[in-house]
Amino acid sequence: MTRDLVIRRCGELAIAVAIAVALLATRAGAQRPLDGVIDIHVHSAPDNVERSIDSIDVAKLARERGMRAIVLKSHYEPTATMAFIVRKEVPGIEVFGGIDLNLSVGGMNAVAVEHMTQVTGGYGRMVWMSTFDAENQVRYSKENRPFVRVSRDGQLVQEVKDVIGAIAKHPQLVLATGHVSPDEGLMLLREGKRQGVKHMVVTHAMMQPVLMTVAQMQAAAKEGAFVEFVAGSIAGRGGQEKVDAYADAINKVGAESCILASDLGQKGNALPPDGLAAFIAALRMRGMTAAQIDLIAKRNPARLLDLPSP
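Rules behind the numbers
- Residues numbered from 1 in each chain as written.
- Predicted model: local features only at pLDDT ≥ 70, side-chain atom pairs only at ≥ 80, totals over all residues.
- Heavy atoms only, no water.
- Helix = DSSP H or I, 4+ residues; strand = E, 2+ residues; numbered from the N terminus.
- Buried < 20%, exposed > 50% of the residue type's maximum accessible area, 1.4 Å probe, protein only.
- Contact = heavy atoms within 4.5 Å.
- Areas by Shrake-Rupley, 256 points an atom, 1.4 Å probe, with all protein chains shown as cover.
- Expected span 1.5 Å × (residues − 1).
- Pairing = 2+ DSSP bridges.
- Axes fitted to C-alpha atoms, helices over the stretch in contact; angles between N-to-C directions.
- Parallel < 35°, antiparallel > 145°, perpendicular 65-115°, else oblique.
- Left-handed = near helix turned anticlockwise from the far one by under 90°.
- Nonpolar A, V, L, I, M, F, W, Y, C, P; charged D, E, K, R; others polar.
- Core = buried A, V, L, I, M, F, W, Y, C linked by side-chain atoms within 4.5 Å.

J.: How would you summarise the overall build of the chain if you had to cite specific residues and measurements?
T.: If you tally the helices and strands in the chain, you get eleven helices and ten strands. With 310 residues in all, the chain has 55% of them scored as buried. Across the chain, contacts joining residues at least 24 apart in sequence account for 76% of those joining residues at least 6 apart. Accessible surface, the chain: about 13,000 Å² in total, of which carbon and sulfur atoms supply 52%.

Below, the structure is given as structure tokens:
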């Protein structure tokens, strides 16, 4: 076994140990690492694919862990209605939803965004600018199928500008860039800023198919957007390198412009609260301070969701 491989395996073991310690402390009720934490990216059932947990149970688990709020996400179904129902069943935690502008809702559809704001409770917050049906995603995946276009010849299409206008009309809404390309993401943010959108976030900036560079993330922050870093699965192969890269990017972009989220709920992965706790533990092992974690896991997502500062 080579020296580099030994170092990598030791790093992965250290991350696994951090995960185990965080989860044991949480489940024992000793020190809850998620007290006050907000997760803006939670996948749950019901959905069109199998999920590891349903929306009511994930809210219960998040509440048990001491979390302040979660945002339910589906790629193909608006979730503001689900957020209303979950809040009735699980008091004591804030639950929000959103809409992902994929083909199932008509793509870049300003009417669908307006409708979400009218759903009982007003818990629709996020507007993801297409994910699995985004042109960038379809081309990255080398698929031959219809997609949602956000730009043509280096310019945003009119339907996208209309959607951004609908977001700007409702100050509580969040423009999330989805799975578009880095250049398109920056175009969306510039247009959002021009039209007066109050809240913007780059969706999992360092994950495929987005893959922003640090310079592009810094540019996004200058436009007033938060940059999202998601847990995914950091315990497996390549976990050490992923956490190293995330920690380095957060330091270079600045914690004041970054947000942590889980992007979990997939079958076989950690449950969203557990994965997020592990992510935080791994970042702390990389030298992230308690003050930085407070910003990126509590205060910044509260600002994004228009919640009072903790």
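J.: Run through helix 7 (residues 182–195), naming residues and quoting values.
T.: Every α-helix carries 3.6 residues per turn, so stepping three or four residues along brings you back to the same face. For helix 7, spanning 14 residues, the distance from its first C-alpha to its last is 20 Å, which sits close to the expected 20 Å at 1.5 Å a residue. Listed in full, the buried residues belonging to helix 7 are P182, E184, G185, L186, M187, L188, L189, E191 and G192. Looking one or two residues past helix 7, G196 carries a phi angle of roughly 90°, positive in sign.

J.: Tell me what's going on with the sheet that holds strand 2 (residues 69–73), and back it up with residues and numbers.
T.: With parallel pairing, the eight strands of this open sheet are ordered in space as 1-2-3-4-7-8-9-10. The sheet terminates laterally at strand 1 (38–43) and strand 10 (258–261), the two strands that pair on one side only. Strand-to-strand twist of the sheet, defined as the mean angle between neighbouring strand axes without regard to direction, takes the value 30°. Pairing geometry for strand 3 (residues 94–100) and strand 4 (residues 124–128), over four bridges, is parallel.

J.: Please give an account of the packing of helix 2 (residues 55–64) against helix 3 (residues 80–89) that cites residues and values.
T.: When two helices pack together, their arrangement is given by the angle between the helix axes and the distance between those axes. The contact between helix 2 and helix 3 brings their axes to 9 Å, and the two run at 55°. Comparing their axes, helix 3 and helix 2 come out oblique. Handedness of the crossing formed by helix 2 with helix 3: right-handed. Residue-level contacts link S55, I56 and A59 of helix 2 to M82, V86 and E89 of helix 3. Of the residues belonging to the contact of helix 2 with helix 3, the class tally is four nonpolar, one polar and one charged.

J.: Tell me about the packing of helix 8 (residues 214–222) against helix 9 (residues 239–253), and please be specific about residues and values.
T.: Viewed as axis vectors pointing N to C, helix 8 and helix 9 meet at an angle of 40°, and their least axial separation amounts to 10 Å. In terms of axis orientation, helix 8 runs oblique to helix 9. Considering only the axes of helix 8 and helix 9, their crossing is right-handed. Judged by residue contacts, V214, M217, Q218 and A221 of helix 8 engage A249, K252 and V253 from helix 9.

J.: Go over the nonpolar core, please, and point to the residues and values.
T.: In terms of nonpolar packing, the biggest core is built from 96 residues, with M129 and L260 touching the most fellow members. The contact partners of L260, leaving out residues within four places of it in the chain, are I38, F229, I250, L276, F279, I280, L283, I293, I296 and A297.

J.: How would you explain unusual backbone geometry if you had to name every residue and give the values?
T.: Across the junction of A45 and P46, the peptide omega takes the value 5°, indicating a cis bond. Among the structural elements, P46 can be located in the loop between strand 1 and helix 2. In the segment running from Q208 into P209, the intervening peptide bond is cis, with an omega of 5°. Topologically, P209 is positioned in the loop between strand 8 (199–202) and helix 8. For K142, which is not a glycine, the phi torsion comes out positive at approximately 55°. Tracing the backbone shows K142 in the loop between helix 5 (135–140) and strand 5 (151–152). Residue class for K142 comes out exposed when judged on its relative accessible area of 77%. The phi angle at D153 is positive, at roughly 55°, despite the residue not being glycine. Within the secondary structure layout, D153 lies in the loop between strand 5 and strand 6 (155–156).

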